[in-house]
Structures are given as C-alpha cells and as structure tokens.
Amino acid sequence: MTNRKLGVLMFSPAIIYVLAVVGVPFVLAFIYAVGDVKIASVGYHYVGLANFRSVLQSPTFRRSLYDSIVFTIGTQIVVLVGSTILALALKDRFTGRGFIRFLILLPWVAPVSLGTIGWKWILDSIYSVINWVLIHLHFVKPFDTPMWLGDPTLAMLSVIGVESWRLLPFSTVILLAGLTAIPRDIPEAAAVDGAGFWRTLFRITIPMILPIVSVAILFGVIFVFTDMTVVYILTRGGPYDTTQVLPSLAFFTGILGSDLAEGAAISIFLVPILVAVAYFMLRVASRSEVG
Amino acid sequence: MAIVETRKLTKVFKQGQAGAVNDVNLQTRESEFLVFLGPSGSGKTTLLRMIAGLETPTSGEVLIGGSVVNHLPPRERRIAMVFQSYALYPHLTVYQNIVFPLKAQKIKKELHKQKVDWAASLLGIGRLLDRKPRELSGGERQRVALARAIVREPSVFLLDEPLSNLDAKLRASAREELEQFQKRVGTTTIYVTHDQVEAMAMGDRVVVLNQGTVRQIGTPQEVYDEPADTFVATFLGSPPMNLLDSDDLIIGFRPERFLPSSLVARSGSTDEIASKMRTEHLLLADVGKRVPLRFRVEYLEYLGAERILYGALEGGRFSGKSVVSRIPSGVPGKYEANSVHDFLVPESELKFFDRTSEKRVEAKAIQWQ
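Every residue gets a number counted from 1 within its own chain, in the order that chain's sequence is written. Chain letters start at A and ligand numbers start at 1, both assigned in the order the entries are written. Only residues with pLDDT of at least 70 are given local features in this predicted model, and only at 80 or more are side-chain atom pairs given and counted; all residues enter the totals for whole chains, interfaces and linings. Side-chain descriptors were evaluated using all non-hydrogen atoms of the structure, hydrogens and water having been removed beforehand.

## Overview of the layout of surface pockets
Residues and elements named next belong to chain A.
And then number 1: Considered as a void within the structure, the largest pocket measures approximately 890 Å³ in volume.
And then number 2: Whether a set of points on the 1 Å grid over the protein atoms alone is a cavity depends on a 1.4 Å probe fitting there but being unable to get out, while an open set qualifies as a pocket with protein on both sides within 12 Å along at least five of seven lines; lining residues are those with an atom within 4 Å of a point. The wall of the largest pocket is formed by 28 residues, among which Lys91, Asp92, Arg184, Pro187 and Glu188 lie closest to the centre.
And then number 3: For helices the rule is a DSSP run of H or I covering at least 4 residues; for strands it is a run of E covering at least 2, with both sets numbered from the N terminus onward. Within the residue set of the lining of the largest pocket, elements represented by two or more residues are α3 (59–91), α7 (152–180), α8 (185–193) and α9 (197–225).
And then number 4: If one sorts the elements of the lining of the largest pocket by residue count, α9 sits on top with 5 residues.
And then number 5: Its residues placed into classes, the lining of the largest pocket shows 14 nonpolar, 5 polar and 9 charged. Grid points are joined across faces, edges and corners, and a volume is the space filled by probe spheres set on the points. Any residue outside Ala, Val, Leu, Ile, Met, Phe, Trp, Tyr, Cys, Pro, Asp, Glu, Lys and Arg is labelled polar, Gly included; the first ten of those are nonpolar and the last four are charged.

Okay, structure coming up:
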C-alpha cells in the first residue's frame with residue numbers, strides 16, 4: 001500500500017465522523033429552514049424564507065434573542081471577574097493550593113446534567129438550602145422566600161449564576177496559564193518602580209494577558225451562546241419565556257413542538273453571530289502569535 | 001544619595017537548610033560603586049533583592065539612608081533596580097516604560113515629558129521613544145531599563161547583572177559607559193555580577209561572596225593582591241592563583257608572578273635594570289629573595305597577548321604539583337610541551353593560608369626542598 005493510500009485510510013474515520021456529526025446536520029438545518037418539514041411529515045416543499053419571516057414576527061423569538069444576549073454577556077462578566085480573581089489568588093504558592101485548584105476544577109469535570117440538577121434542588125421553591133440559610137439568618141421571612149426560578153429577574157440571575165459556575169474553571173485555567181507566562185521580573189520591576197497592587201494589575205498584568213483573556217472570552221461566548229443544558233434543566237425557559245435562549249427555543253419548537261422547519265430557522269440565527277465571533281477569535285489568536 | 005547598610009542580614013529559604021545569605025554586614029559609602037561578586041548560588045542576587053525589598057529577610061536589618069527599611073515595600077525605599085532581563089513592560093512603548101515610575105510615584109503630569117526627555121538624552125535613546133521593547137536590540141533595551149531607573153532620581157541604584165545579556169563586544173563598551181554614567185550622576189550603586197572583569201573594572205570596592213557569606217570587602221586591588229582566603233585567591237584571577245599544600249599551610253602565588261628565571265632581573269642599579277627591561281624583555285625588576293622552582297610544561301594556551309603554561313613542578317618538596325604560569329607573548333623563549341625550565345617566584349609574592357580555616361596568615365619560612 002502506498003503512503004498516500006495509507007494516509008487517506010487513516011484519516012477517513014475522522015473525516016467521516018466530522019461530516020456525519022457536524023456536516024450533515026448543518027446542511028440539513030439549511031434545507032429544513034427553507035422547507036415545510038414537520039416531524040412525521042413525508043414530503044418536502046420548498047417555502048423560501050417563510051419560516052424566517054414567521055420566526056421574526058414571533059414575540060417569543062425576539063424575547064429569546066434578547067435573553068440569549070443577556071445570558072451570554074451576563075455570564076461572561078461574572079466569569080471574567082471571578083476567574084481573574086481566582087487566577088490571581090491561585091498563582092502564588094501556598095499550602096493547600098493543589099487541593100483548591102482541584103476543587104475549582106470540579107464543576108468542569110462533573111457531568112453537566114448532574115451538577116445542574118444539584119443546583120435545581122439548591123434553588124427549589126420549597127426545599128432550597130439557600131432560602132433555609134436566609135431564613136435562619138433572618139434575612140427573609142419563612143413564607144416570603146425568593147422564588148429563584150419563578151421570578152423573571154431572579155430566574156435569569158439564577159441561570160447566569162449556574163452557567164458561570166460551570167464555565168469558571170475553564171476560564172480560570174486559561175487565565176492561570178497566561179499569568180504564569182508573565183516573567184516574575186515584570187511585576188517586581190513594577191513594585192520597585194512604585195506601583196501598588198491595583199496599578200500593577202490594571203497597567204501591567206491585565207494588558208499583558210489581554211490576548212489570552214480575549215481567547216477565554218471568545219471561547220466562553222461560543223460556549224454559552226450555544227448551550228441550552230442549564231436553561232433546559234433549571235427553568236425550561238420559564239417563567240413566561242424570560243429565560244428562553246435561542247438553542248432551547250429551537251429545541252422546544254423543532255423537536256418537542258415537532259415543527260422541524262421553524263426550529264431549524266431559529267438555530268440558523270445563531271450562525272452569523274458565531275461566525276463573527278469565530279472571526280474575531282482567529283484574528284486575536286494570530287495577532288498574539290505575532291506579538 | 002544615600003548609604004545602604006546591612007546588619008546581620010540572613011535569608012533561609014527552607015528551614016533546616018543552610019542559608020542563602022548568612023549574617024552579612026556591610027556598608028556602602030556615599031556615591032560609591034559597590035560590586036557584589038560571587039559564583040552562581042553565592043547569594044549575591046538574594047542579598048540585592050533583600051535590599052530592594054523583593055525578598056523578606058529571615059533575620060537582620062537593611063538600612064537605607066540611616067533608617068531601617070525592613071518593613072517598607074520596595075516602592076517606599078527610594079531605590080531603582082535594573083534586572084538581568086531588563087524587565088521592560090512589553091506592551092508599553094519606550095516612553096511609556098520610562099514614564100511608568102513617574103506615574104506610579106504620582107509625580108506632577110507637567111514634569112513627565114521633561115523628565116523622560118532628560119533621562120532619554122542622558123542615555124542617547126531619544127529617537128527610540130515610540131518603539132516597543134521587542135523592536136529594540138539588547139543594548140538599547142539595557143539603556144531603556146537604565147533610563148527607567150534614573151528617571152525619578154532614586155537615592156540608590158541596584159543593578160542585577162545588567163550586562164550579562166549583551167554580547168562580548170557590546171559588554172565592554174556598555175561597561176565603560178555605565179561606569180562613566182554612575183560617576184556623572186553620583187548615585188550610590190550596588191552592582192551584582194559573577195564576572196570578575198566587570199567587578200574589577202567598575203567597582204570602587206568589591207564584596208566577594210561565597211555560599212551566602214562575605215569573604216572579603218575591599219578595593220579591586222586589595223581583593224586581588226591581598227586575598228583574605230583561598231576562595232578569594234582562586235575566584236579572582238584567570239587562571240587562578242597556584243596553591244600548594246604544605247603541612248598546616250597553603251602557599252599561593254599568582255601565575256603572572258611565576259616566571260622564567262631569565263626574565264627576572266638580578267640585582268643592579270635601577271637604571272641598568274630599566275634599560276635591561278626594555279632590551280631583554282625583563283618582566284620583573286630585582287625582586288629580593290627568590291624561590292627557584294623547576295617547571296615542566298605540559299601544554300600551553302596561546303591567547304594572543306599572552307601565553308598560559310600548564311604543567312607541574314619537578315624536584316624538590318612539591319614535585320609533581322600542578323601549577324600554571326602566565327607570560328606575555330612578546331617575551332622570547334620557547335615553552336613547548338614536556339620541556340623543563342628554571343622558574344622562580346619572588347618570595348614577597350607568596351601568600352600564606354591556614355590549611356584548615358583557609359584564611360590568610362602571616363608569611364612564614366618554608367622548606368622548599
């Protein structure tokens with residue numbers, strides 16, 4: 001067998017896998033989005049942009065688009081601030097650092113659904129441990145506890161909180177790598193030059209890890225924008241679609257609502273946004289290589 | 001300007017282990033250029049970092065300008081430091097790098113440009129102000145680091161091997177420049193290096209360190225000519241001092257004082273010797289009492305300006321002991337491998353050390369045969 005044939009043979013499983021799992025559904029989504037496919041329908045009729053038109057007119061879709069953006073940006077802010085603090089705290093040696101690093105990584109390695117179900121109980125309207133603690137600290141009255149998943153604002157804050165909890169380890173690890181790459185001399189020079197903690201942080205440390213921070217942000221945006229697990233398990237998009245995001249709406253419409261065509265149209269709205277994000281990601285990556 | 005002093009300064013990194021710096025007492029003079037010289041691991045950088053406030057002493061005190069600064073962070077010690085790597089801020093331009101200490105010290109904005117221009121012109125980097133550090137050569141980076149150090153007119157300069165990242169040629173010129181520069185600004189300077197040439201050339205005084213302890217403090221001439229112990233004797237000078245064990249003593253003499261008998265003048269009038277020194281390439285005038293030694297050359301290195309002869313003594317009490325001689329290339333004489341020559345050492349050039357403590361002791365009469 002020639003090297004070339006062997007190469008093709010060795011490579012083909014990977015290519016077939018990617019085509020079957022990513023390529024085919026992607027193409028199908030476009031085909032469905034311009035057709036009239038429903039679950040159990042037998043034929044296919046081309047309907048042009050009709051699905052998109054109806055999607056755009058739907059208040060639920062607009063609400064979901066808005067929620068998606070709030071959800072994504074909110075999570076990024078929490079994660080960014082949180083992981084910067086964590087990374088700075090975990091950068092220097094201290095007793096028990098290894099153990100704390102392990103604990104912080106746990107949410108990332110634990111299965112999403114299990115972790116989120118745990119959160120569902122923590123945020124439950126009757127059995128919530130948070131409320132139990134708040135009651136016993138006399139912050140809230142026993143029969144007037146916050147409805148973490150029932151109140152529109154609190155529900156959004158809850159899904160943002162849980163999503164941040166999941167994403168935090170990943171972002172922390174990336175930022176830690178960035179911080180460790182800064183030579184020790186540089187913050188020391190800043191200290192001798194007269195800079196205090198905040199000046200060193202904002203003028204030296206953060207600008208130096210900015211390329212890596214932007215990679216963490218872009219990965220985070222893509223991850224959160226396409227994720228529906230947390231919303232699906234915690235709130236199912238409720239109350240009144242106030243935590244509905246595009247991926248969960250597409251799922252509810254296309255799979256549970258059996259309108260495949262409209263579900264496909266909704267999910268296609270993710271594409272231009274993700275393409276833009278991916279473009280920026282590649283640009284940042286190539287720029288930091290040069291630098 | 002200020003005087004830096006350390007009192008019983010000690011740093012132990014791991015409990016139970018020997019300290020990186022042990023009980024160091026030293027004091028700079030006003031406007032002095034003091035060099036910490038030692039091999040790697042001698043504690044010289046740790047000592048400097050404790051003075052800078054980047055390392056907390058295990059015990060002892062650091063004084064700057066007469067007051068104890070142990071509890072002060074680096075920025076309140078009125079010092080400036082140049083790091084071995086220069087530690088320029090890579091994302092800032094040269095101007096922003098130099099202005100950084102001024103901003104950090106909350107110096108009035110109106111003065112920034114004027115001060116940066118002053119520092120930049122002092123170091124000849126005025127045209128580089130808009131560049132980023134990565135666009136600069138090693139020598140230029142070193143100047144930027146110096147400019148950043150002087151811009152806020154500190155009372156003490158701390159320099160940690162600032163020339164070690166430059167190539168040999170640039171290092172020589174940078175050395176001279178740095179020395180001139182220090183004389184001009186007159187700031188008390190502590191300079192860390194492992195390079196004895198740098199130490200000898202630049203230092204007003206040299207602190208020789210080994211394994212965290214000060215072995216000797218003195219002018220370059222003192223540490224070279226009157227080494228306090230065998231470590232200083234062998235660390236300074238290349239090749240190092242010849243050492244011979246004799247009962248409870250160690251006898252030392254410099255390779256350049258171990259010379260062919262024919263090249264050392266016998267007694268005569270000063271004029272006569274002077275003329276002989278010109279015509280016959282005599283290397284030493286009448287030296288008084290001499291110690292004759294037979295020297296078998298084993299191999300030699302030709303270094304252009306001089307020849308280094310490696311070999312062993314032959315006959316007498318120290319027969320077989322390895323010794324080195326260093327003679328200028330210009331002088332006549334063939335010194336090939338396996339040839340034996342009559343050499344001598346002036347008795348006044350012998351240094352004596354105690355065998356156990358390795359410290360310098362009084363000269364004694366020695367049995368050579």
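## A short note on helix α11 (residues 246–256) of chain A
And then number 1: Where burial is concerned, most of α11(A) is hidden: 8 out of the 11 residues are buried.
And then number 2: Just past α11(A), the residue A:Ser258 takes up positive phi, approximately 60°. Burial classes: relative accessible area under 20% of the type maximum marks a residue as buried, over 50% as exposed, and values in between as partly exposed (1.4 Å probe, protein chains only).

## So, the sheet that holds strand β1 (residues 4–11) of chain B
Residues and elements named next belong to chain B.
And then number 1: Any two strands with at least two DSSP bridges between them are considered paired. Pairing within the open sheet is antiparallel, and its 4 strands lie in the order β2-β1-β4-β5. Each edge of the open sheet carries a strand with a single partner, namely β2 (21–27) and β5 (67–68).
And then number 2: With 5 bridges joining them, β1 and strand β4 (residues 59–64) adopt antiparallel strand pairing. Its bridge partner lying in β4, Arg7 is registered against Glu61.
And then number 3: By definition, residues are in contact when any of their heavy atoms lie within 4.5 Å. The axes used here are C-alpha line fits, helices contributing only the stretch in contact, and every angle between their N-to-C directions lies in the interval 0 to 180 degrees. Those strands touched by helix α1 (residues 44–52) are β1, β2 and β4, and its axis lies near 120° from that of β1.

## Quick look at empty space enclosed by the protein
Residue and element names in this part refer to chain B.
And then number 1: Following the criterion strictly, the structure yields 1 cavity of 30 Å³ or more and no others.
And then number 2: Of the volumes computed, that of the largest cavity is approximately 40 Å³.
And then number 3: Lining the largest cavity, in full, are Phe33, Leu146, Phe157, Leu159, Leu178, Phe181, Gln182 and Thr189.
And then number 4: Elements represented by at least two residues in the lining of the largest cavity include exactly β7 (156–160) and α5 (168–185).
And then number 5: Among the elements that take part in the lining of the largest cavity, α5 stands out by supplying 3 residues, more than any other.
And then number 6: A per-class count over the lining of the largest cavity returns 6 nonpolar, 2 polar and no charged.

## Looking at the pairing of strand β15 (residues 306–314) of chain B
Residue and element names in this part refer to chain B.
And then number 1: Counting buried residues in β15 gives 7 out of 9 residues, a clear majority hidden from the surface.
And then number 2: Hairpin geometry of strand β14 (residues 290–302) and β15 is characterised by an intervening segment of 3 residues between the two adjacent antiparallel strands and by a positive phi of about 85° at Gly304.
And then number 3: The pairing of β15 with strand β16 (residues 322–328) spans 7 bridges and is antiparallel. If you follow Arg307 over to β16, its bridge partner there is Ile327.

## Points about the interface of chain B and chain A
And then number 1: Contact residues are listed per partner, giving 23 residues for chain B and 18 residues for chain A.
And then number 2: In this description, buried area is defined as the sum, over both parts, of the accessible area (probe of 1.4 Å) that is lost when the two are combined. With both sides pooled, the region where chain B packs onto chain A buries about 1,800 Å², and carbon together with sulfur makes up 61% of that total.
And then number 3: We define a salt bridge as a side-chain nitrogen of Lys or Arg found within 4 Å of a carboxyl oxygen belonging to Asp or Glu. Where chain B meets chain A, there are 3 salt bridges.
And then number 4: For this analysis, a polar contact is any N or O atom pair within 3.5 Å, provided that within protein one partner can donate a hydrogen and the other can accept it, and provided that sequence-adjacent residues contribute only side-chain to side-chain pairs. The interface formed by chain B and chain A includes 8 residue pairs in polar contact (both at pLDDT 80 or more).
And then number 5: Listing elements by their share of the side of chain B that touches chain A, those giving two or more residues are β6 (79–82) and α2 (94–104) of chain B.
And then number 6: Here the side of chain B that touches chain A gets 4 residues from one element, more than from any other, and that element is α2(B).
And then number 7: Looking at side-chain class alone, the side of chain B that touches chain A contains 13 nonpolar, 3 polar and 7 charged residues.

## Re a nonpolar patch on the surface
And then number 1: A surface patch of nonpolar side chains, amounting to about 890 Å² of accessible area, comprises A:Phe94, A:Phe99, A:Ile100, A:Phe102, A:Leu103, A:Leu105, A:Leu106, A:Trp108, A:Val109 and A:Val173.
And then number 2: A:Trp108 sits in the partly exposed class, given a relative accessible area of 34%. Any residue with relative accessible area above 30% and no salt bridge may belong to a patch, with like charges joined within 9 Å and the nonpolar Val, Leu, Ile, Met, Phe, Trp and Tyr side chains within 5 Å. In this description, accessible areas are obtained by the Shrake-Rupley approach with a 1.4 Å probe, and a residue is regarded as covered only by the protein chains that are shown.

## Notes on the domain arrangement of chain B
And then number 1: The start and end points of each domain follow an automatic or database-based domain assignment. What the domain assignment lists for chain B is domain 1 (4–225) and domain 2 (239–361).
And then number 2: In this structure, domain 1 of chain B and domain 2 of chain B have C-alpha centres spaced 39 Å apart.

## Some words on the packing of α3(A) against α11(A)
Residue and element names in this part refer to chain A.
And then number 1: One can describe the packing of α3 onto α11 by two numbers: an axis separation of 8 Å at closest approach and a directional angle of 145°. On α11, the residues touching Thr60, Phe61, Ser64, Leu65 and Ser68 of α3 are Leu246, Pro247 and Leu249.
And then number 2: Of the residues belonging to the contact of α3 with α11, the class tally is 5 nonpolar, 3 polar and no charged.

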